Each structure stands twice: as structure tokens, then as C-alpha cells.
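So the chains spell out like this:
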Amino acid sequence: MAVVPLQRKPLTFAERTYLPQIAAGLWTTLRHLVKPAETLQYPEQRPAIPPGYRGAPTLVRDPNGREKCVSCQLCEFVCPPKAIRISPGAVPEGSGRDHVEKGPLAFDIDMLRCIYCGLCEEVCPEEAIFLQNQYSMSGVTRAEMVNHKDKLLEMGGTLPDRHFKWDRKKAAEEAGGAHH
Amino acid sequence: MDVFLNLPVLVQVALKGLAVICVMFPIAGACSMAERKVSAWIQSRPGPNRTILPVFRWVPVVGPFLQKLGAFQLAADGLKFLFKEEIVPGQVNRLYFILAPVIAMIPALSTVTFVPFGASIDHAGRVFPLMLANVDVGLLAVFAVASLGIYSIILAGWASNSKYPFLGAMRASAQLVSYELSLTLSVLPVFLWINAPGTAGTMSLAKAVEFQSQAGFWGGAWFIITMPVSALVFIIALFAETNRQPFDMPESESDLVGGFHTEYGAFKWALFFVAEYSNMIVGSGVFVLLFLGGWNPIPWVSLATLAGWLGIAGHPVLVGAISILIFIGKILAMLFFFMWVRWTVPRFRYDQVMEIGWKKLLPLAIANLVVYAIGIALIQK
Amino acid sequence: MAHLLFLVFSVFSAVCAAGIVLSRNSVNAAMFLLLSLLGIAGLFVSLDAFLLAFLLLLVYAGAVVALFVFIVMLLDTGGGTSPARSLVAKLAGLVALALIAAGLGSFALRGRLAAPGAAGIPAVGASLKAYAYQLFTLYLLPVEIVGFLLLITMIGVIVLSRKEEGNP
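Residues numbered from 1 in each chain as written. Chains lettered and ligands numbered in written order. Predicted model: local features only at pLDDT ≥ 70, side-chain atom pairs only at ≥ 80, totals over all residues. Heavy atoms only, no water.

Quick word on the overall build of chain C
In step 1: Counting its regular elements, chain C contains six helices and zero strands.
In step 2: When the helices and strands of chain C are read in sequence order from the N terminus, they spell out α-α-α-α-α-α.
In step 3: Expressed as a percentage of the 168 residues in chain C, the buried residues total 20%.
In step 4: By sequence separation, contacts in chain C at least 24 residues apart represent 55% of the contacts at least 6 residues apart.
In step 5: On chain C, roughly 12,200 Å² of surface is accessible, and the fraction owed to carbon and sulfur atoms is 76%. (Helix = DSSP H or I, 4+ residues; strand = E, 2+ residues; numbered from the N terminus. Buried < 20%, exposed > 50% of the residue type's maximum accessible area, 1.4 Å probe, protein only. Contact = heavy atoms within 4.5 Å. Areas by Shrake-Rupley, 256 points an atom, 1.4 Å probe, with all protein chains shown as cover.)

Below, the structure is given as C-alpha cells:
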């Protein structure tokens, strides 16, 4: 690339006195002075959360009210800061969802470690963990900052499901098909 | 009034001093809040608007309004400064370290006494100024006492015994001495014009206002109209003398942490700020008196004319109150201008400050003086 | 009242003047100089010579002593150690002391000086106009000579502080 020397225009007398520029600057700041504030009054006013926002990770239920996590522990393995800890267990007999092999007995996410990277959401084969809108967490002890399963499910709520994978598998099994 | 004049001199002096302190401290505090508010508005944010006294929470309209205005934040800040731990760092020279904020208060509060803050019309129709100490050399007195303010900065910087305060003090002393020249030279044309041959010579600020309240086109014109260059040089030098941006070299927090007050905290630090604001108030007052017609409402309309229109010419107290209101209004406008400029013009580099002072402002002030001296000599021949 | 003020101010400035000479720390000395000047300004005020008082404050207290302090701080002379003086300096000091002693002695021996009539003294220091008039008529020559001296000093400073060309 060739270097093109640009000749700077010499400043005019008015420019060298600074005064017109200062006057123009004063006019700009005056316009800002009368403009309404651009800030939000935070605790009362909350910012609009854009879609795809990565807030705190949560566990979700499907529209039938079933908790979707099957405690495969992929998220636990992928989590870079090791914030997730899952104790897998069997789904109790007769709960109406025992066609799902496993469920988490305990599911803890330490929010002091979580880095909101979203890898857990990405890796989840069940679409059970989502980083949702929650961005403001506070607590006075370390223990308080660990979200347990109940809290996570409560924060996550119910999300629409397109697949109903386990229901379809059960239906296929009942219809005698070896493989759906 | 007579009751006051019959008191012993020392009691009078003490009362006047108390009045100055009681007026200047709250005004300076209010200025700090105004500064925060104006800077917030210019930066499109609301500024301090949370603090409220529990009692005022239940006052319907006034309470929220004062809260939005940050009035209670002011009280909270003041109380915080009072009750905070007074830390004196170990490496400092204790005597001068503690003395410096005290010295800052001396010129800040005593210059106020030389500034006439209003006027009234007695029953004979004569206009007389309202001021605490009526000396013939008014302006000179303000300049002389204000020039002592430099010692507080120098001593604070030296006594702190640490590098940033020291650099701040160095800059301050060079800057203040440099701009004092331009400041003094810029007001000379005004007094050349006032002191026509054959009249008794005066440096009185009240006389300058009196001169701007005469009848006729040239009589009623404020000096900012007839002497714009003087006014410009004066206001620039005033910014430098009061250490306001773009000339706040002694503090310039981006390169000197806090400048001369880096090592200070709590109430000693607050005293520096009260001093700075009260210097600003006095400086604005002098500018208003010299160039903006003092207590005359608008150019070519004097206070006496206004009193005639309102039909209150016979009430000295009413006229006095109105004149004080007009004068304070103008000072507030000037203070707003100070804050407005602060958020508009970025800080100069130190060598630029020196260059502007010595190579631009001083020659301009001298040329202005020579031109006006010749012009005035020709007119008043 | 006026008498009392005169006494207070004169004793104050004299004590501070002694402080200038006696203090080891140069910043202290400069501060004493400032206080002494303030005392003298107070004396002028008690004589109703406001103009002189404020000029003294403006020029000496506000600018000259500020520059002193500036330079003292710049050189950072901590004080405390007095350099060994040469024989000539000691002799000069002795001569100066003898002169001061002689002056004080003659002052004490002659008794009270005849006070000039207060009415006879022109109020030069009080009024701006009288002061300026005297300055530009009666005292024009001394003023010009002092101004010339300052000019010489200024030129000397410029010459001394100029970098030698071709010899960096």
C-alpha cells in the first residue's frame, strides 16, 4: 500500500482562537442538557431482554409437566468451571413417567462459578437446560448462591416442546414396535 | 439597621463574619449538588435522585420533587464529610497539612465582604450599594485577598509530601501567578473609562455598576457590550484562577490522581471544595458587577427604572430585595456557565495552559488596554 | 483602639520578621515572611492607607512570596544543615550586626523621634488619585530607576538562562 501524505489545511484565524469551536461545543452540550435522560431507573425499570440472552441456567419442564432432564450428566462434564453437580437416580415407579429411565435426584448449579457460557444448553440432548432471562442474582452466603433442583425448575418454568421424544418412544413400545 | 450600627464594633464584625459563613457554606454545598446535577443532565442521566429523609417520604408533591432534585443527597454528603474519620497520613507535615484547608477558607470567605451584592434606593432617590465592607479600592481588595488563596494549594501540595499533590501545587502556583496578570490588565479599561478626568479616582465595584446604569445608549450599555475583549480575557483568566476546567491543572484527576488534595479526606477535603466554589461565586460576582450590569435587570434598563415601573421606588427594603434577587440570579447563571463549560471543553495540556496564558491572553490583554486607553483619551479629552 | 491595633500589628510583624531569620526550614521562613507582610498590610490599614495595604498584598504576598515558596519547594531544601561559612561571610555578618546595633543604639539614645503633625502628612496611601499623582510627578525618577533595575534583572535572567547555540 502506497503511503499517501495528506496535506493538512492550515487552521483559519477563527479556528486558532478556539472560540467558534467552543461555542459549537456549548451548543451540543446544551442540547444534551435538555434531552431526557437515556438511563433506566434500574430496580423499578428493567431493561428489555433481547431474544437469545444468556442469563442464569435453568431447568425446564415440558408442556405435560414432566421435568425434561434425564441426568445424562453431559452438562456436568462439559461445564468449563465445573459449576454443575448432578446426582442421577431412577425415576420412581408409578409416577407416570417411569418410561424415562433416569432423572436427577439432585441438580445443583453453583452461580458463583457459572460463567454463563451456555455450553450446558448447547450440549443437552433433551433440551432440558436453558439459559433464560434471569440476570440478577444475589445472596449473602455462598450456600445461598447454589441453585438447587427445585429452584432451577421454578426459574425455568415450562417451555413448549416439539418432539415429545419419550412419549413417542413409549407409544411405539406399546404398539409393539421394537424401534420407533 | 440602627440597632445593628449601635452595637460594639467587634460584635458587628463577628455578626458579619457569621453571616458570611452561614451564607457561603450552604451556597457552596448547593453548588456541589448543582454541579453533579448539571453534569448528569449534560450526560443524559438523571443524577442523584434517591436519597430522602423518611419524614419527607409522606409529603405529597414537595418530598418527591426534592428527592428528584437531590436536595437530601446534599445533606447526606455534608453529614458524611463531618462524621467521617479524619485521616492524616503518616508522611505529611502535620502543621501545614492541617493549616492548608484553613488557609483556603480565609480568602474564600473574606473576599465576599468586598463584593456589593445589591443596591437600594433611599427616600431621597439616591442609589446606595449593599455590601459588608465599603472600601474605595473594592476590586483591588478582592484581587489582593484572592491572590492569597494560592498558599493553601502550595502548602497542601508541599505538606502532603507525596508526588502527585506536589506536582499539582507546582502547576497551581505557576498557573495562578501567570493568569493574575491578564486578569488585572483586562479590567483596567473599565476603570479607565469610569475614572474620567476631574472625578475622584475609584476602584469601587459599586461605582462600576453605577456607571452602567446611566441614561442614554452609551450610559446604559453594559461593559460586556462596549468592552467585549476585556470581558473575554477576564472570563478566561477567571476560569484559570478558580482552577476550573479547562484549566484545572492543579487537580486534573486523569494525570495527577487528585492533584493537591490527593492526600486529603473528610472535612478537610470538603473545605477545599467550599473554598473553590466560593471563589467561583466571588469571581462570578465580580464579573457580573463589572461586565453584566450588576443588579440592573437588562441592558439599558436600570434598577431605578425598574423600581419606577413596578411602583416600589419608595420602599428601600423591597428595592433592595429585588436588586439582590437580580444579582444572585446573574451569579447563578454564571455558575451554570462554569459547569456548562466544564462538560464542554476538554482540559488543556499544561504547556498549552502556559502558552495560552503568556503568549495569547497577556498580549491580547495589553493590546486591548492600549487600544481602549487611546480611545478613552480621545473621547474624554 | 487604633493604638492597640498599631501595637498588635507592629509586634506581630516584628516577631514574624525575626522568625524569617531564625527559622532553619526555608518553607517556614517563607511563611513567616508572608505573615510579616500581612502584619505590615494590617499596619497600613490601621493608617487608613487601604490602597497601599492591598497593593502590598497583591504584589508581595500574592505573587512574590508565592514565587519564593515555589522556588523553595522546587529546590527542596530540607533545612537543618547550615553550610560552613567562609571568613569573608563571617566578617560581613559581623559588620552587618555592628551596623544594626549602631542603628538601634542611636535610635535608643536619641529618645523619641519628633512626630510630624498628622495634618501635615498628605494622605498619599489612602486615595487612589493622590497616590497615582505623587507616583507620576514627585516620585517619577525613583519609580523609573526601579523599573530600569527590574529590566536589567530580566535581561540578565534571559541571558543567563539561554542555551548556548552550537554548544548543547
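This is not the end of the story, as more comes after the structure.
Details of the overall build of chain B
In step 1: Along the backbone of chain B there are 17 helices and two strands.
In step 2: At 22 Å, chain B has a C-alpha radius of gyration in line with the 21 Å of a compact globule built from 381 residues.
In step 3: Within the span of chain B, comprising 381 residues, buried residues form 52% of the whole.
In step 4: A fraction of 75% describes how many contacts in chain B between residues 6 or more apart in sequence connect residues 24 or more apart.
In step 5: Of the roughly 16,800 Å² of accessible surface on chain B, 73% is carried by carbon and sulfur atoms.
In step 6: Across chain B, the 23 positively charged side chains and the 18 negatively charged ones have centroids separated by 6 Å. (Rg over C-alpha atoms; globule rule 2.2 N^0.38 Å. Lys, Arg positive; Asp, Glu negative; His and termini not counted. Charge placed at Lys NZ, Arg CZ, Asp CG, Glu CD.)

Notes on the interface of chain A and chain B
In step 1: Chain A puts 18 residues into the contact, and the matching count from chain B is 18 residues.
In step 2: Contact between chain A and chain B buries roughly 1,400 Å² in total, counting both sides, with carbon and sulfur atoms accounting for 67%.
In step 3: The interface formed by chain A and chain B contains one salt bridge.
In step 4: We note a salt bridge from Arg50(B) to Glu44(A), for which the minimum N-O separation is 3.1 Å.
In step 5: Between the two partners, chain A and chain B, sit seven residue pairs in polar contact (both at pLDDT 80 or more). (Buried area = accessible area lost by both parts, 1.4 Å probe. Salt bridge = Lys/Arg side-chain N within 4 Å of Asp/Glu carboxyl O. Polar contact = N/O pair within 3.5 Å; in protein donor to acceptor, adjacent residues only side chain to side chain.)

Side note on the interface of chain C and chain B
In step 1: Tallying the contact residues gives 23 residues for chain C and 27 residues for chain B.
In step 2: Our count for the chain C to chain B interface comes out at zero salt bridges.
In step 3: The tally of links between chain C and chain B comes to three residue pairs in polar contact (both at pLDDT 80 or more).
In step 4: Elements that contribute at least two residues to the side of chain C that touches chain B include exactly α2 (26-46), α3 (50-75) and α5 (128-136) of chain C.
In step 5: Element by element, the count of residues in the side of chain C that touches chain B is highest for α3(C), at 15 residues.
In step 6: Its residues assigned to classes, the side of chain C that touches chain B shows 19 nonpolar, three polar and one charged. (Nonpolar A, V, L, I, M, F, W, Y, C, P; charged D, E, K, R; others polar.)

Some details on the arrangement of the chains
In step 1: Ranking the two pairs of chains in contact by number of contacts places chains B and C first.
In step 2: One finds no contact between chain A and chain C; the C-alpha atoms of the two approach each other to within 28 Å at their closest.

A word on the packing of aromatic side chains
In step 1: Applying the stated rule across the entire model yields 19 aromatic pairs over all chains.
In step 2: Members of the aromatic cluster, each reached through a chain of ring pairs, are Phe239(B), Phe336(B), Phe337(B), Phe338(B) and Trp340(B). (Phe/Tyr/Trp six-rings, centres within 6.5 Å; stacked < 30°, edge-to-face > 60°.)

Focus: the nonpolar core
In step 1: Grouped together as the largest cluster of nonpolar side chains are 131 residues, with contacts concentrated most on Tyr151(B), Phe234(B), Val286(B), Phe287(B), Leu290(B) and Phe54(C).
In step 2: A total of 15 residues in this core trace back to one element, the largest contributor, which is helix α14 (residues 266-291) of chain B.
In step 3: Other than its neighbours up to four places away in sequence, Phe234(B) contacts Phe143(B), Leu183(B), Ser186(B), Val187(B), Gly283(B), Val286(B), Phe287(B), Leu290(B) and Phe291(B).
In step 4: If you look at the next biggest cluster of nonpolar residues, it comprises 21 residues, including Leu59(A), Ile84(A), Met111(A) and Cys114(A). (Core = buried A, V, L, I, M, F, W, Y, C linked by side-chain atoms within 4.5 Å.)

What about the domain arrangement of chain B?
Residue and element names in this part refer to chain B.
In step 1: By the assigned domains, chain B splits into domain 1 (1-83) and domain 2 (92-380).
In step 2: Computed from C-alpha atoms alone, the centre-to-centre distance between domain 1 and domain 2 is 22 Å.
In step 3: At the junction of the two partners, domain 1 supplies 17 residues and domain 2 supplies 21 residues.
In step 4: Carbon and sulfur atoms make up 83% of the surface buried where domain 1 meets domain 2, a total of about 1,800 Å² over both sides. (Domains from an automatic or database assignment.)

A few points about a nonpolar patch on the surface
In step 1: A grouping of Phe148(C), Leu149(C), Leu151(C), Ile152(C), Met154(C), Ile155(C) and Val159(C) is seen on the molecular surface, where their side chains present a nonpolar patch of about 710 Å² in accessible area.
In step 2: Using a relative accessible area of 47% as the deciding quantity, one classes Ile155(C) as partly exposed. (Patch = residues over 30% accessible without salt bridge, like charges linked within 9 Å, V, L, I, M, F, W, Y side chains within 5 Å.)

With respect to the side chain of Glu276(B)
In step 1: The residue Glu276(B) is located in helix α14 in this model.
In step 2: For Glu276(B), the residues in contact, after removing those within four places along its chain, are Thr242(B), Asn243(B), Arg244(B) and Glu251(B).

Concerning the packing of helix α5 (residues 94-110) of chain B against helix α7 (residues 149-160) of chain B
All names here are of chain B.
In step 1: Running from amino to carboxyl end, α5 crosses α7 at an angle of 165°, the nearest separation of the two axes being 8 Å. When the interaxial angle is binned, α5 and α7 end up roughly antiparallel. With respect to the hand of their crossing, α5 and α7 are arranged in left-handed fashion. Of the residues in α7, those touching α5 at Tyr96, Phe97, Ala100, Ile103, Ala104 and Pro107 are Gly149, Tyr151, Ser152, Leu155, Ala156, Trp158, Ala159 and Ser160.
In step 2: Split into classes, the residues belonging to the contact of α5 with α7 amount to eleven nonpolar, three polar and no charged. (Axes fitted to C-alpha atoms, helices over the stretch in contact; angles between N-to-C directions. Parallel < 35°, antiparallel > 145°, perpendicular 65-115°, else oblique. Left-handed = near helix turned anticlockwise from the far one by under 90°.)

What about the packing of helix α2 (residues 19-34) of chain A against helix α2 (residues 9-42) of chain B?
Packed helix pairs are specified by the crossing angle of their axes together with the interaxial distance, meaning the distance between the axes.
In step 1: Where α2(A) contacts α2(B), the two axes come as close as 7 Å, and the packing angle between them is 95°. Judged on the interaxial angle alone, α2(B) and α2(A) are roughly perpendicular. Contact residues: α2(A) offers Thr29(A), His32(A) and Leu33(A), while α2(B) offers Val38(B), Trp41(B) and Ile42(B).
In step 2: Residue composition of the contact of α2(A) with α2(B), grouped by class: four nonpolar, two polar and no charged.

Quick word on the side chain of Glu76(A)
Residue and element names in this part refer to chain A.
In step 1: Along the chain, Glu76 falls in helix α3 (residues 74-78).
In step 2: Despite its burial, Glu76 pairs with no opposite charge, the nearest such side chain being Arg85 at 5.1 Å.
In step 3: Here Gln73 takes part through its side chain, which lies 3.1 Å from a polar atom of the side chain of Glu76.
In step 4: Beyond its immediate chain neighbours, meaning those up to four positions away, Glu76 contacts Ile84, Arg85 and Ile86.

Quick word on the sheet that holds strand β2 (residues 84-90) of chain A
All names here are of chain A.
In step 1: The strand order across the open sheet formed by three strands is β2-β3-β5, and the pairing between neighbours is antiparallel. Both outer strands of the open sheet, β2 and β5 (146-147), are each paired with one neighbouring strand and no more.
In step 2: As paired strands, β2 and strand β3 (residues 102-110) are joined by seven bridges and run antiparallel to one another. Residue pairing in the sheet places Ile86 in a bridge with Phe107 of β3.
In step 3: Packing of helix α5 (residues 149-156) onto the sheet brings it into contact with β3 and β5, and relative to β3 it is tilted by some 90°. (Pairing = 2+ DSSP bridges.)

Some words on the pattern of salt bridges
Residue and element names in this part refer to chain A.
In step 1: Summed over all chains, the structure comprises 13 salt bridges over all chains.
In step 2: The partner of Lys35 in a salt bridge is Glu38, with the nearest N and O atoms 3.6 Å apart.
In step 3: Lys35 gets classed as partly exposed once you look at its relative accessible area, which sits at 37%.
In step 4: A residue is classified by how much of its surface remains accessible, and Glu38, at 58% relative accessible area, is exposed.

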